[in-house]
Amino acid sequence: MKLKDKKIAMLIGPGYEDFEFWVVYMRMLEEGADVDVIGMEKGVEYTSKHGCLTKEADFLASEVLDEDYDGVLVPGGWTPDKIRRDKDIVELVRKNHEAGKIIGLICHAGLVGISAGIIDGKATGSLGIKDDIINAGGTWVDKAAFRDGNIVWGRVVKDIPSYCRELVNALAE
């Protein structure tokens, strides 16, 4: 188990992309990580984009701003556009990025990175955010998954295996 003793925050919100949350979440657990699910509201069952799956947040971002996470992971779907409006979620991402922790962004999750002001290098995601990434100062790269500094990028659902490999390798360092 490559991630034993690693503590990860995984963000969630309404309309999260099913696979980009659940596959990544289970992969982190499979590698032995302790994963806290962080949302805008506690005690609310967040429904996935396709309406088939639900997950409740363990904590509000305001409750874990001082936690020592090894990484913060953001799924795509409609969630990034919703959670980027929560100042504590944005601060959690910004603070962990500044501390050199791993930030995982897949598909539309780059929107949260933009709001946190952490986009300044190579980036990828859904084509729907390409202009947003470029306008935020990022350099668009059409690649399944890669690491740039302490950000691990994943393009879209079909790239989840590559994204998970990059995440596990980055978090295991």
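Since the model is a prediction, treat every value here as computed from it, not as a measurement.

A. Fine view of the nonpolar core. Among the nonpolar cores identified, the biggest contains 29 residues, and Leu11, Ile38, Val93, Leu105 and Trp153 are the most heavily contacted of them. Looking at this core, the elements with two or more residues in it are β1 (7-11), β6 (71-74), α3 (87-98), β7 (102-106), α4 (110-116) and β11 (151-154). Here this core takes 4 residues from α3, the largest share from any one element. One finds Tyr25, Ala57, Ile160 and Leu171 within the second-largest nonpolar core, a separate group that totals 28 residues.

B. Representation of the environment of Ile118 within the structure. By secondary structure assignment, the location of Ile118 is in the loop between α4 and β8 (122-123). Sequence separation between Ile118 and Gly137 is 19 residues; the distance between their C-alpha atoms is 9.5 Å. Beyond its immediate sequence surroundings of up to four residues, Ile118 is in contact with Val93, Arg94, His97, Ile103, Gly113 and Ile151.

C. Structural view of the side chain of Asp18. Position of Asp18 among the secondary structure elements: in helix α1 (residues 18-30). Buried Asp18, no salt bridge; nearest opposite-charge side chain is Lys49, N-O distance 7.0 Å. A distance of 3.4 Å separates the side chain of Asp18 from the backbone nitrogen of His50, its partner in a polar contact. In contact with Asp18, other than residues within four places in its own chain, are Val23, Ser48, Lys49, His50, Cys52 and Leu53.

D. Seen up close, the UniProt feature "domain: DJ-1/PfpI" (unreviewed entry) in the protein chain. Here the UniProt-annotated "domain: DJ-1/PfpI" (unreviewed entry) positions come out as residues 6-169. Between the end C-alpha atoms of residues 6-169 the distance is 12 Å, and the span holds 32% helix and 24% strand.

E. Spatial organisation of α3. Taking 1.5 Å of rise per residue, the 12 residues of α3 would be expected to cover 16 Å, and the 16 Å separating its terminal C-alpha atoms lies within 8% of that figure. Taken together, the buried positions of α3 are Asp88, Ile89, Val90, Leu92, Val93, Asn96 and His97. Count one or two residues on from α3 and you reach Gly100, which has phi positive near 80°.

F. Region of interest: the packing of α1 against helix α6 (residues 160-172). Relative orientation of the contacting elements α1 and α6 amounts to 40°, with a least axis distance of 10 Å. Between α1 and α6, the angle falls in the class oblique. Regarding α1 and α6, the two cross each other, and that crossing is right-handed. Of the residues in α6, those touching α1 at Phe19, Glu20, Val23, Val24, Arg27 and Met28 are Ile160, Tyr163, Cys164, Leu167, Val168 and Leu171.

The rules we used
Residues numbered from 1 in each chain as written. Predicted model: local features only at pLDDT ≥ 70, side-chain atom pairs only at ≥ 80, totals over all residues. Heavy atoms only, no water. Core = buried A, V, L, I, M, F, W, Y, C linked by side-chain atoms within 4.5 Å. Buried < 20%, exposed > 50% of the residue type's maximum accessible area, 1.4 Å probe, protein only. Helix = DSSP H or I, 4+ residues; strand = E, 2+ residues; numbered from the N terminus. Contact = heavy atoms within 4.5 Å. Lys, Arg positive; Asp, Glu negative; His and termini not counted. Salt bridge = Lys/Arg side-chain N within 4 Å of Asp/Glu carboxyl O. Polar contact = N/O pair within 3.5 Å; in protein donor to acceptor, adjacent residues only side chain to side chain. UniProt positions renumbered as here; feature names shortened; annotations may be inferred. Expected span 1.5 Å × (residues − 1). Axes fitted to C-alpha atoms, helices over the stretch in contact; angles between N-to-C directions. Parallel < 35°, antiparallel > 145°, perpendicular 65-115°, else oblique. Left-handed = near helix turned anticlockwise from the far one by under 90°.

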